[in-house]
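# Observations on chain architecture
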Number of protein chains: 2
Amino acid sequence: MIARRPSKPIRVGTVTIGGNSPIVVQSMTKTDTRNIPATIRQIKELTDCGCELVRLAIPDLEAANAISSIKQNVSIPIIADIHFDHRLALAALDAGANGLRLNPGNIRDPEQVTKVVRAAREREVPIRIGINAGSLPPAAKPYPSISAHMVEVALDQVRFLESLDFDLIKVSLKAFNVPMTIEAYRAIAKKIPYPLHLGITESGLPKAGIARSAVGIGILLYEGIGDTIRVSLSAHPCEEVNAAYEILKSLELRQHGPVLISCPSCGRAEVDIISLARSVDKNLRGISKPIKVAVMGCVVNGPGEAKDADIGIACGKGKGALFKKGKVISTLPEKELLDALMRELKSLCSSD
Amino acid sequence: MIARRPSKPIRVGTVTIGGNSPIVVQSMTKTDTRNIPATIRQIKELTDCGCELVRLAIPDLEAANAISSIKQNVSIPIIADIHFDHRLALAALDAGANGLRLNPGNIRDPEQVTKVVRAAREREVPIRIGINAGSLPPAAKPYPSISAHMVEVALDQVRFLESLDFDLIKVSLKAFNVPMTIEAYRAIAKKIPYPLHLGITESGLPKAGIARSAVGIGILLYEGIGDTIRVSLSAHPCEEVNAAYEILKSLELRQHGPVLISCPSCGRAEVDIISLARSVDKNLRGISKPIKVAVMGCVVNGPGEAKDADIGIACGKGKGALFKKGKVISTLPEKELLDALMRELKSLCSSD
């Protein structure tokens, strides 16, 4: 449905970004990278919840060297997040990083960048040019907007990498400000053929941060822009991955486990729909099939309003209906509804 | 920045929707409307968190009559949500409802609709034509898509109301499916001059539902479509209001209390940023000034990356920086940071 912007695919380890590949979900560990066991544990949690690429902060050489042991114990590709010191990028490459993120706002010396690019080219490791609105290099000339400045810095760096015969490039242009971010990505999308990594930076705690990220990332994705996304939240990184999939699922760009359709409840509801929806949601964890499940507040409108669901329940006074694709298949006492729903779900999930 | 679609303003009680008015935030009570004290209590909670219009389910005459007592005890306009039975609309008008929502999917008899429209016209009470993808009337002809069917049903009803010399109209075209919703609103936006009420229906529990609603509502708002929004979540209605404001704030369409910019934390952080962000967030409740506050993980990049913030803290090893507009104003031991931030905030908030 959404026509994606054509982009030149790159490979980060085993994962392809861009071209016709599905939009990749990534996150970042929040452990001290030098704490190897804790970092491996968090990468495994991330892998379990569907994270496909993980970035690690590399504040010093010890962190860069840790990549080698971490990599042997995890199954998803690792990207080294480098700021300030190009030698950390070289060490991360030596330790086996599958990708690099460089911030042109704080690694600017062309000779240093050249060394990193040559080492990455030898290993066929891609580099993300990771621009952040808050850490731009000083403006060489006045720009009409921060987003124009961001785009220009990214383009300069892209041209520099291309001049070194390097094209394993990915670009991001993040800001907290959503309209600024959208403008920047729209502009760069027309100017370079490389895949784009989307994100709204420092978007805050869950709920507020999910809303802000979903608006910014969602608008761009709907325009066909974006090949990989990272939702930045002040929370456990699995929350970032979950939010990323919810954004992608809402635009039908990815499937990822069940989708819960549940009504907000209103003065018409005769049972506690919110608690029931929470119980169903808990029971859905662990199901990987992209099944649509509905929890509706009224028998009269419920099955019809949720006819898009594969299966669902609609509650009335003391009793409720179990329905499949909008057709009621049985009417049950209220307290039996959840169990009946879960039984049907199990049989649906084992049916193929 | 966003050029809004011109729309003909209508008034729901004291609140103007459409034209150049700010986009109105609304929600719906989840209490039994017939339980007058509980409903009043919830409307007061909603008013306190910024809800500007509230809708009440009217499943029977007792609920319709309750509007009169409820209205005397609350300060925001009340909209009666009517399905199936046009007599409930007439009773709600008699009881003083400031607006009606009718679902043309289940109130279809032209004579019945005419009675309601005449009564609403006498009282100058607007009617929302509230289409839901799941409760459409049977299709009179084949439609290329559900969204085309939704638009056609809405247009038929609009024309019918206009033929009765009634133009206090608002329209919604809700679905759970985001691309379908967007298509429907885009189409109707070009065809009628009336304000549009946006929402993604049955979007589920918070987090998933916030992501889905923010994507759908955000895309439309960014295109200039939408005059009032309701986020539907299986949660306390104040969560719906909070999410609505986060969506509007992220697009700079409304201000509403503080904005928290907080970094996601990473292996570079030397303090527990996530806990600190939560503490700051708690301390921000009750502040109504639209101030931007930042909680950043590193002293090196933090103040710069959050220079858009009015005030913020950036944490290092054991100590941190308090900054205003990207400039460090003092360096403090870590455990004094939160208190210092809150003192500065208090003085900022009392300064005008």
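Residues numbered from 1 in each chain as written. Chains lettered and ligands numbered in written order. Predicted model: local features only at pLDDT ≥ 70, side-chain atom pairs only at ≥ 80, totals over all residues. Heavy atoms only, no water.

## Some details on the relation of the copies chain B and chain A
What counts here: Superposition of the copies was done by least squares, using only C-alpha atoms of residues whose pLDDT is at least 70 in both. It only takes one pair of heavy atoms within 4.5 Å for two residues to be counted as in contact.
It takes a turn of 180 degrees to lay chain B on chain A, together with a shift of 0.0 Å along the axis; the resulting RMSD is 0.0 Å. The symmetry that links the two subunits is that of a two-fold axis. In this assembly the copies share their binding face: 100% of the residues contributing to the interface of chain B also contribute to that of chain A.

## Some remarks on the pattern of salt bridges
This is how the line gets drawn: Within this document, salt bridges are pairs made up of a side-chain nitrogen of Lys or Arg and a carboxyl oxygen of Asp or Glu, the two lying within 4 Å of each other. Helix numbers and strand numbers start at the N terminus; a helix is a DSSP run of H or I with at least 4 residues, a strand a run of E with at least 2. For every residue, the accessible area (1.4 Å probe, protein chains only) is compared with the maximum for its type, and the residue is labelled buried under 20%, exposed over 50%, or partly exposed between those bounds.
By the definition in use, this model includes 40 salt bridges over all chains. Two residues, aspartate 32 of chain B and arginine 34 of chain B, come together in a salt bridge whose shortest N-O distance is 2.9 Å. The residue lysine 324 of chain B makes a salt bridge to glutamate 344 of chain B at a minimum N-O spacing of 3.1 Å. On the criterion of sequence distance, the pair formed by lysine 324 of chain B in strand 14 (residues 319-324) and glutamate 344 of chain B in helix 11 (residues 334-350) is long-range, its members being 20 residues apart. Among the residues examined, glutamate 344 of chain B registers a relative accessible area of 21% and is labelled partly exposed. The network of salt bridges with common partners includes Arg4, Arg5 and Asp227 of chain A.

## Quick look at the side chain of serine 203 of chain B
So the rule is basically this: Any N or O atom pair separated by 3.5 Å or less is treated as a polar contact, with the protein-specific requirement of one donor-capable and one acceptor-capable atom, and with residues adjacent in sequence counted only for side-chain atom pairs.
Residue placement: serine 203 of chain B occurs in the loop between strand 9 (197-198) and helix 7 (208-222). Here the side chain of serine 203 of chain B touches glycine 209 of chain B through a polar contact of 3.4 Å, landing on its backbone oxygen. Of the polar contacts made by the side chain of serine 203 of chain B, one reaches the backbone oxygen of serine 232 of chain B; its length is 2.6 Å. Excluding residues that lie within four positions of it along the chain, serine 203 of chain B makes contacts with Leu260 and Ser262 of chain A together with Phe176, Ala208, Gly209, Arg212, Ser213, Ser232 and Leu233 of chain B.

## Let's talk about the environment of methionine 150 of chain A
Residues and elements named next belong to chain A. Relative to the elements of secondary structure, methionine 150 occurs in helix 5 (residues 146-163). Here methionine 150 falls in the buried class, since its relative accessible area comes to 0%. Along the chain, methionine 150 and alanine 269 lie 119 residues apart, while their C-alpha atoms are 50 Å from each other. Setting aside residues up to four positions removed in sequence, methionine 150 forms contacts with Ile131, Ala133, Leu136, Leu173, Lys174, Ala175, Met180 and Ala184.

## Points about the sheet that holds strand 4 (residues 53-57) of chain B
Residue and element names in this part refer to chain B. Short version of the rule: Pairing between two strands is assigned when DSSP locates at least 2 bridges connecting them. A fitted line through C-alpha atoms represents every axis, and for helices the fit uses only the stretch in contact; the resulting angles, taken between N-to-C directions, go from 0 to 180 degrees.
The strand order across the open sheet formed by eight strands is 8-7-6-5-4-3-10-9, and the pairing between neighbours is parallel. The open sheet has two edge strands, strand 8 (169-174) and strand 9, and neither has a second partner. Where strand 4 meets strand 5 (residues 78-82), four bridges bridge the pair, whose relative direction is parallel. The partner of arginine 55 across the bridge, within strand 5, is isoleucine 79. On top of the sheet, helix 2 (residues 61-72) reaches strand 4 and strand 5; it is set at about 175 degrees to strand 5, its chief contact.

## Here we look at the pairing of strand 3 (residues 24-28) of chain A
All names here are of chain A. Of all the five residues making up strand 3, five are buried; the element is thus mostly covered by neighbouring parts of the structure. Residues Val24, Gln26 and Met28 of strand 3 are buried on one face, and the alternating residues Val25 and Ser27, pointing to the opposite face, are buried as well. As paired strands, strand 3 and strand 10 (residues 228-229) are joined by two bridges and run parallel to one another. Paired with valine 25 across the two strands is isoleucine 229, which belongs to strand 10. In the sheet, strand 3 pairs with strand 4 (residues 53-57) via three bridges, with the strands oriented parallel. Note on strand 4: the bridge partner recorded for serine 27 is valine 54.

## Considerations on helix 3 (residues 86-94) of chain B
Regarding helix 3 of chain B, the residues found buried are His86, Leu88, Ala89, Ala91, Ala92 and Leu93 of chain B. The elements touched by buried residues of helix 3 of chain B are helix 2, strand 5, strand 6 (99-102) and helix 4 (110-123) of chain B.

## Topic: the pairing of strand 15 (residues 327-333) of chain A
Every regular strand shows the same layout, with side chains that alternate between the two sheet faces. Residues and elements named next belong to chain A. In terms of strand pairing, strand 14 (residues 319-324) meets strand 15 through six bridges, oriented antiparallel. Residue pairing in the sheet places alanine 321 in a bridge with threonine 331 of strand 15. Taking the residues between adjacent antiparallel strands as the criterion, strand 14 and strand 15 are bridged by two residues, where lysine 325 takes a positive phi near 45 degrees.

## Quick notes on the packing of helix 6 (residues 178-191) of chain A against helix 7 (residues 208-222) of chain A
All names here are of chain A. Note the cut-off: Under this scheme an angle from 65 to 115 degrees is roughly perpendicular, one under 35 degrees roughly parallel, and one over 145 degrees roughly antiparallel; angles in between are oblique. For any pair of crossing helices, the crossing counts as left-handed if the nearer helix is rotated counterclockwise from the farther one by less than a right angle, and right-handed if it is rotated clockwise. Only Asp, Glu, Lys and Arg are considered charged in this grouping, and only Ala, Val, Leu, Ile, Met, Phe, Trp, Tyr, Cys and Pro are considered nonpolar; every other residue, Gly among them, is considered polar.
Here helix 6 crosses helix 7 at 25 degrees, and the two axes come no closer than 10 Å. As summarised for this structure, helix 6 and helix 7 are arranged roughly parallel, according to the angle between their axes. Classified by chirality, the crossing of helix 7 by helix 6 is right-handed. Listed contacts from helix 7 to Val178, Ile182, Tyr185 and Arg186 of helix 6 are Arg212, Val215, Gly216, Ile219 and Leu220. Tallied by class, the residues present in the contact of helix 6 with helix 7 amount to six nonpolar, one polar and two charged.

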